Amino acid sequence: MTFTKEMLEKRIDVAAKRVPADLVIKNGKVVNVFTKEIITEDIAIVDGYIVGTGTFEGYETVDASGKFVVPGFIDGHVHIESSMVIPSEFSNVVLPHGVTTVVADPHEIANVSGTAGIDFMLEASEGIPLEVLLMLPSCVPATPFENSGATLEHSDLEPYYSHPRVIGLGEVMDYPSVLYKDDKMLDKIVDASAKEKCIDGHASGIDAGGINVYMASGIRTDHECVTAEEALVRMRKGMYVMLREGSAAKDLVTLLKAVNEQNARRCLFVTDDKHLDEIIDEGSIDFNVKTAIREGVDPLTAVQMATLNAAECFGLKTKGAIGPGYEADLLLLNDLEKVDIERVYKGGRLVAKNGDVIRPAKPSVTPPSIITGSINISSVSLEDLKVKMSEGNMANIIEIRPKMIVTKHLVEEVDVIDGHFQPSVEKDQLKIAVIERHYRTGNIGLGVIKGLGIKNGAIASTVAHDSHNIVAAGTNDEDLLKAIQMTADMKGGLAVVEGGNLIASLPLPVSGLMSDMEYRVINERIHELNGALKKIGCSMEFKPFITLAFLALPVIPELKLTDNGLFDVKTFQHIDIEAVSVK
């Protein structure tokens, strides 16, 4: 908190009741997250900060009688790119849901566009009502087993630590590089530690011994827990556990089983990767709070997890609470347990009311050509999409686990004609392809997927975590090829093809990840995509495009696909599609 002597004198005078406050929110039922009490009192605000609670007078007053007043919610880990909107539109979407601060990791755009991507996210989030704090992407590329659009060394990241909104090093997902003391990874961790910055973890599938390694390295958080047992292991080691509810990974209800009044202070809420339509329809961190309350968590504890816990996790000393010296990020609720948000204040200024922003944020920068020209693929032919089966008809198969980003490694008999795998709608064995799209290498990874449920046609996307090559899946090679070509023609985006025709699409020209359109227009296009997905028979038990995107992420168990081929996450090596025997 930086202020001048004149500002300090004003704060003291208002706190001492010598002069009126700029704004007083009167008679609200204030949720005290320090003591977990509800106290009816006034809140005095000066220059965007709270200077006192009790009884105050102000030049402007807001009567909050009958309302609950809680701190603004903090999303402790989010990739804005996953919403498919740029930061200004993201602000317009999440502010009405009570999210006033996000800790964002521009890992996705950095994997495509390198430092230009980081620069864009910083510039595009400057001056918007939502406060966007950044964690620098630690793993670009995520692994050495695929081709991404950039490589970021510690020397590339180090200058960003001087930026006032850069608060740490983002999710360290390359656990082997930490375990085996890779110089490049250790340099990044040392840089962050030397500057007293936070370091986020990514401990998917890592046991208690691995958590020891992470904690000893200064890594203090994990958002990849999928069981209550994993959450408890991390809390017992001193980690903050991020309870995630995104679009692909819906872990919140399961993880809440690990939360009690004794350990809840080690927990905070995150969305990680959440699509625009789901944020609009069900909410952001407010959804997490509602869900926690519905699952039996005390409402005051749930609010504390969404505010003070997140602030303390990241050392945000003036956020996450209602008290003197804290920022006036406040929510007025009609109902605490329902988290019914009437008003949202950011820095003492009303920014949203009854589900709408007061003054929508507008784009402040135009993406440079390096951002909008990110799709560079070699020519792809039908021949390139053939999966050769020379030894038999047993294949290693990626099986989708609904509403999870982990997969199951199956070995099944597949249909083979003329020595090549043939997709089978009856067996739900479809073809999946990952096409390198950064350097025209011509790399194409091929595999077999089960659980997507397409009955006819294909889908393709340039959103494919974390290297964001083109990922496509379908029932036949002709539609598969058409879908791939459509994403390239759009300079990035999502495509649904049936019978050789494009039946729905969403252009994502900003690094192949985000649209520069207004969020309501994007949401309409998403609903059109969903209708097309139903038409071709996709399972709607989960979000098909989001699920597809995570099938290319080789740091999440068990079996994934990169542009270099099928990848076994357990053994950390590529394997053949053909399987010798059942495992």
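Residues numbered from 1 in each chain as written. Predicted model: local features only at pLDDT ≥ 70, side-chain atom pairs only at ≥ 80, totals over all residues. Heavy atoms only, no water.

## Structural notes on the nonpolar core
Thought 1: Core analysis: the biggest nonpolar cluster contains 168 residues, and F73 and L243 have the highest contact counts within it.
Thought 2: A domain split of this core shows at least three residues from each of domain 1 (72-320) and domain 2 (370-574).
Thought 3: By size, the runner-up hydrophobic cluster in this structure holds 15 residues, among which are C198, M242, A310 and A311. (Core = buried A, V, L, I, M, F, W, Y, C linked by side-chain atoms within 4.5 Å. Buried < 20%, exposed > 50% of the residue type's maximum accessible area, 1.4 Å probe, protein only. Domains from an automatic or database assignment.)

## What to know about the pattern of salt bridges
Opposite charge on two side chains lets them pair, provided their charged atoms get close.
Thought 1: Counted according to the given criterion, the structure contains 33 salt bridges.
Thought 2: A salt bridge links D47 to K10, with the nearest nitrogen and oxygen atoms 3.6 Å apart. Of this pair, D47 sits in the loop between β2 (37-46) and β3 (49-54) while K10 sits in helix α1 (residues 5-15); the two residues are 37 residues apart in sequence, bridging distant segments of the chain.
Thought 3: Residues E327 and K319 are paired through a salt bridge, measuring 2.9 Å at the closest nitrogen-oxygen approach.
Thought 4: Overlapping salt bridges bring together E131, K319, E327, D329 and K346 as one network. (Salt bridge = Lys/Arg side-chain N within 4 Å of Asp/Glu carboxyl O. Helix = DSSP H or I, 4+ residues; strand = E, 2+ residues; numbered from the N terminus.)

## Considerations on the UniProt feature "domain: Adenine deaminase C-terminal" (unreviewed entry) in the protein chain
Thought 1: The feature "domain: Adenine deaminase C-terminal" (unreviewed entry), as given by UniProt, occupies residues 405-573 in the numbering adopted here.
Thought 2: Secondary structure across residues 405-573 divides into 22% helix and 34% strand, with the first and last C-alpha atoms of the span separated by 19 Å. (UniProt positions renumbered as here; feature names shortened; annotations may be inferred.)

## A look at the domain arrangement of the protein chain
Thought 1: Once the domains are mapped, the protein chain shows domain 1 (72-320) and domain 2 (370-574).
Thought 2: One C-alpha centre belongs to domain 1, the other to domain 2; they are set 26 Å apart.
Thought 3: Across the contact, 44 residues belong to domain 1 and 46 residues belong to domain 2.
Thought 4: Its largest share of buried area at the contact with domain 2, domain 1 owes to M84, F145 and N147, together 19% of the area lost on that side.
Thought 5: The shortest N-O distance in the salt bridge between D277 and K543 comes to 2.9 Å.
Thought 6: Our enumeration of links across domain 1 and domain 2 arrives at 16 residue pairs in polar contact (both at pLDDT 80 or more). (Contact = heavy atoms within 4.5 Å. Buried area = accessible area lost by both parts, 1.4 Å probe. Polar contact = N/O pair within 3.5 Å; in protein donor to acceptor, adjacent residues only side chain to side chain.)

## What to know about the pairing of β2
Thought 1: Summarising the sheet, strand β1 (residues 21-32) and β2 pair through eight bridges and their orientation is antiparallel. Pairing of L23 across the sheet is with I45, part of β2.
Thought 2: Between β1 and β2, which pair antiparallel and follow one another directly, the connecting turn spans four residues, one of which, K36, has a positive phi of 55 degrees.
Thought 3: Connecting the antiparallel pair β2 and β3 is a turn made up of two residues, with D47 showing a positive phi of about 50 degrees. (Pairing = 2+ DSSP bridges.)

## Let's talk about the state of the cysteines
Thought 1: By the definition in use, this model includes zero disulfides.
Thought 2: Summary of cysteine pairing: C139 is not part of a disulfide, and the nearest cysteine sulfur, belonging to C198, is at 17 Å.
Thought 3: For C139, a relative accessible area of 2% translates into the label buried.
Thought 4: With no disulfide of its own, C198 has C313 as its nearest cysteine by sulfur position, at a separation of 6.6 Å. (Disulfide = S-S within 2.5 Å.)

## Thoughts on the environment of N393
Thought 1: Mapped onto the elements of the fold, N393 is located in the loop between α14 (369-372) and β18 (394-400).
Thought 2: Residue class for N393 comes out partly exposed when judged on its relative accessible area of 30%.
Thought 3: For the pair N393 and V580, spaced 187 residues apart in sequence, the C-alpha separation works out to 9.3 Å.
Thought 4: Apart from residues no more than four positions distant in its own chain, N393 is found in contact with E412, E413, V414 and V416.
Thought 5: Polar side-chain contacts of N393 include one of 3.4 Å to the side chain of E413.

## Quick word on the sheet that holds strand β13 (residues 267-270)
Thought 1: Taken in spatial order, the three strands make up an open sheet running β11-β12-β13, and their pairing is parallel. Of all strands in the sheet, those with a lone pairing partner are β11 (221-222) and β13, marking the two edges.
Thought 2: Each of β12 (240-244) and β13 is contacted by helix α11 (residues 285-294), which is oriented at about 130 degrees to β13, the strand it contacts most. (Axes fitted to C-alpha atoms, helices over the stretch in contact; angles between N-to-C directions.)

## Regarding the layout of surface pockets
Thought 1: Its boundaries defined by the atoms lining it, the largest pocket holds a volume of some 590 Å³.
Thought 2: Lining the largest pocket we find 26 residues, and of these E131, L133, P164, R165 and K319 sit closest to its centre.
Thought 3: When contributions to the lining of the largest pocket are tallied by element, the ones reaching two or more residues are β8 (131-136) and β9 (166-172).
Thought 4: Looking at the lining of the largest pocket, the element that brings in the most residues is β8, giving three residues.
Thought 5: Partitioned by chemical class, the residues of the lining of the largest pocket number 13 nonpolar, five polar and eight charged. (1 Å grid on protein atoms, 1.4 Å probe; cavity = no way out; pocket = protein on both sides within 12 Å on 5 of 7 lines; lining within 4 Å. Points joined across faces, edges and corners; volume = space filled by probe spheres on them. Nonpolar A, V, L, I, M, F, W, Y, C, P; charged D, E, K, R; others polar.)

## Considerations on the sheet that holds strand β25 (residues 470-474)
Thought 1: In spatial order, the strands read β19-β18-β23-β22-β25-β24-β26-β27; together these eight strands make up an open sheet with mixed pairing. Sheet topology places β19 (407-413) and β27 (501-507) at the edges, where each strand pairs with a single neighbour. Neighbour-to-neighbour, the strand axes of the sheet open up by a mean angle of 25 degrees, direction not taken into account.
Thought 2: Strand direction decides the pairing type here: strand β22 (residues 429-435) and strand β23 (residues 444-450), joined by seven bridges, are antiparallel. Bridge assignment links A433 to a residue of β23, and that residue is L446.
Thought 3: Here helix α16 (residues 519-535) sits on the sheet and contacts β24 (458-461), β26 (493-498) and β27; the angle it forms with β27, its principal contact strand, is near 150 degrees.

## Comments concerning the packing of aromatic side chains
Thought 1: Applying the stated criterion across every chain yields a total of five aromatic pairs.
Thought 2: The interplanar angle of 80 degrees and the centroid separation of 5.5 Å between the aromatic rings of F145 and F572 together place this pair among those described as edge-to-face. Residue F145 is found in the loop between β8 and α4 (154-157), and its partner F572 is found in the loop between β29 (565-568) and β30 (573-574); the two are separated by 427 residues along the sequence.
Thought 3: Relative to F572, the ring of F567 lies with its centre 5.6 Å away and its plane at 75 degrees, an arrangement referred to as edge-to-face.
Thought 4: Owing to a relative accessible area of 0%, F567 belongs among the buried residues under this scheme.
Thought 5: Residue F572 is classed as partly exposed on the basis of its relative accessible area, which comes to 25%.
Thought 6: Its end group placed over the ring of Y49, R11 keeps NZ or CZ at 4.5 Å from the ring centre. (Phe/Tyr/Trp six-rings, centres within 6.5 Å; stacked < 30°, edge-to-face > 60°. Lys NZ or Arg CZ within 6 Å of the ring centre and 35° of its normal.)

## Remarks on the pairing of β9
Thought 1: Counting buried residues in β9 gives seven out of seven residues, a clear majority hidden from the surface.
Thought 2: Here β8 runs beside β9; their pairing, made up of three bridges, is parallel. Looking at β9, one finds that M135 is bridged to G168.
Thought 3: Here β9 pairs with strand β10 (residues 198-201) via three bridges, running parallel. By the bridge assignment, V172 is partnered in β10 with G201.

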